[in-house]
Amino acid sequence: MNALCSGGRPFVKMHGLGNDFVVLDARAAPLALRPDAARALADRRTGVGCDQVVVLAPPDDPAAELRMILFNADGGEIAACGNASRCVAWLRARETGAARVTLQTAAGLLRAEVAGAEAVTVDMGPARLDWEAVPLARPLDTLRLPLAVGELREPVAVGMGNPHAVFFVPDAEAVDLERLGPEVERHPLFPERVNVEAVQVLSPRRLRMRVWERGAGVTRACGTGACAAVVAAARRGLGERRAEVVLDGGVLAIDWRPDGRVWMTGPVAVSFAGTLNPDLLA
């Protein structure tokens, strides 16, 4: 992540199953990224283009090796991102040569382990099942919310450091997420907005999922969403606690362990590296 030319800030473009990120290293040269600068970087025509921008900073917690600050494409800061966590853990492991990495996020500490040449397993923490922890706007049974938007009905609400509404549908491919996703995302039930998953049960150990991410729109993959989908399916009695989730970009392996913590394994990839025009961050 060294600068390629003077005056600019280096970046790495990475993705996990097509969910893509611009990663900026602010450990040596601090960066206070504003929402408008994050939007400019994420713009696919005039910026680098990505679903999320990731800033690496020194950790506040001595148990962590680095801190991740995450921004959606709309410039809003978020607490967690599973695919980004895998990518950052892989970068750190390459940097240190260690197989295990601890990351600090706004959602808490995440432990990660290298699972192959280009694969990482991350402990995404416990699934939050209480209405206040998701969060919801009022006390409700998170197993079956009284919500219907078009063909999307009665979702399971799950918190994975960010909020998710998991809808089970007969055919995930047939759901018009471009139309329905924004309406669910901004429904009054969700004070912090919500990520929207349309999930089709292929078998108890294999789910097909498509996702609308708050602040980013339809993306090819969402790691926390895949975790939420497996948790939701298991709670509804539709699937097992250990399952594969088939996303538009590929497959994630999810394991909701008996202690309540959710582990995710999947690939990472580097697309390219470069140096930003300083005007994008001005």
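Note: the structure precedes this text.
Residues numbered from 1 in each chain as written. Predicted model: local features only at pLDDT ≥ 70, side-chain atom pairs only at ≥ 80, totals over all residues. Heavy atoms only, no water.

A. Quick peek at the overall build of the protein chain. A count of helical and extended segments in the protein chain gives four helices and 19 strands. A total of 282 residues make up the protein chain; the buried ones form 55% of that total. Expressed as a percentage of contacts within the protein chain between residues at least 6 apart in sequence, the contacts between residues at least 24 apart total 61%. As displayed, the protein chain has an accessible area near 11,500 Å², and 49% of this comes from carbon and sulfur atoms. (Helix = DSSP H or I, 4+ residues; strand = E, 2+ residues; numbered from the N terminus. Buried < 20%, exposed > 50% of the residue type's maximum accessible area, 1.4 Å probe, protein only. Contact = heavy atoms within 4.5 Å. Areas by Shrake-Rupley, 256 points an atom, 1.4 Å probe, with all protein chains shown as cover.)

B. Structural detail: helix α2 (residues 82–96). The terminal C-alpha atoms of α2 lie 21 Å apart, and with 15 residues this matches the ideal 21 Å at 1.5 Å per residue to within 8%. Among the 15 residues of α2, twelve are classified as buried, and the element is accordingly described as predominantly covered. Those residues of α2 that sit buried are G82, N83, A84, S85, R86, C87, V88, A89, W90, L91, R92 and A93. Following α2 by one or two positions, G97 has its phi on the positive side, about 85°. (Expected span 1.5 Å × (residues − 1).)

C. Geometry of the side chain of D123. Within the secondary structure layout, D123 lies in strand β8 (residues 119–126). Of the polar contacts made by the side chain of D123, one reaches the backbone nitrogen of G125; its length is 2.9 Å. Engagement of the side chain of D123 in a polar contact is seen with the side chain of R261, the distance being 2.8 Å. Ignoring anything within four residues of it in the chain, the contact list for D123 reads L110, R111, R261, V262 and W263. (Polar contact = N/O pair within 3.5 Å; in protein donor to acceptor, adjacent residues only side chain to side chain.)

D. Structural context of the side chain of D20. Position of D20 among the secondary structure elements: in strand β2 (residues 19–25). Take D20: its relative accessible area is 8%, and that puts it in the buried class.

E. The arrangement of the nonpolar core in detail. Formed by 55 residues in total, the largest nonpolar core has its most connected members in V54, M68 and I254. Considering every element that reaches this core, the biggest residue donor is helix α4 (residues 223–236), with eight residues. Leave out the neighbours within four places in its chain, and V54 touches F21, V22, V23, L24, M68, I69, L70, A84 and V88. The next biggest cluster of nonpolar side chains, apart from the first, holds 21 residues, and it includes V134, L145, V184 and V194. (Core = buried A, V, L, I, M, F, W, Y, C linked by side-chain atoms within 4.5 Å.)

F. Highlighting the environment of G239. Assignment of secondary structure puts G239 in the loop between α4 and β16 (242–247). G239 sits in the buried class, given a relative accessible area of 16%. Distance from G239 to I254, taken between C-alpha atoms, is 12 Å for residues 15 residues apart in sequence. Excluding residues within four positions of it along the chain, G239 makes contact with P204, A233 and A234.

G. Focus on α4. In this model α4 runs 20 Å from its N-terminal to its C-terminal C-alpha over 14 residues, within 8% of the 20 Å that 1.5 Å per residue would give. Among the 14 residues in α4, twelve count as buried, and that is most of the element. Taken residue by residue, α4 has G223, T224, G225, A226, C227, A228, A229, V230, V231, A232, A233 and R236 as its buried positions. Following α4 by one or two positions, G237 has its phi on the positive side, about 80°.

H. The pairing of β8, seen in detail. Most of β8 is tucked away: seven of the eight residues are buried. As defined by bridge partners, strand β7 (residues 108–116) adjoins β8 across five bridges and the pair is classed as antiparallel. The residue of β8 that forms the bridge with R111 is D123. Hairpin remark: β7 followed by β8, antiparallel, with two residues in the connecting loop. Across six bridges, β8 lies against strand β18 (residues 261–267) in antiparallel orientation. Note that in β18 the partner of V122 across the bridge is M264. (Pairing = 2+ DSSP bridges.)

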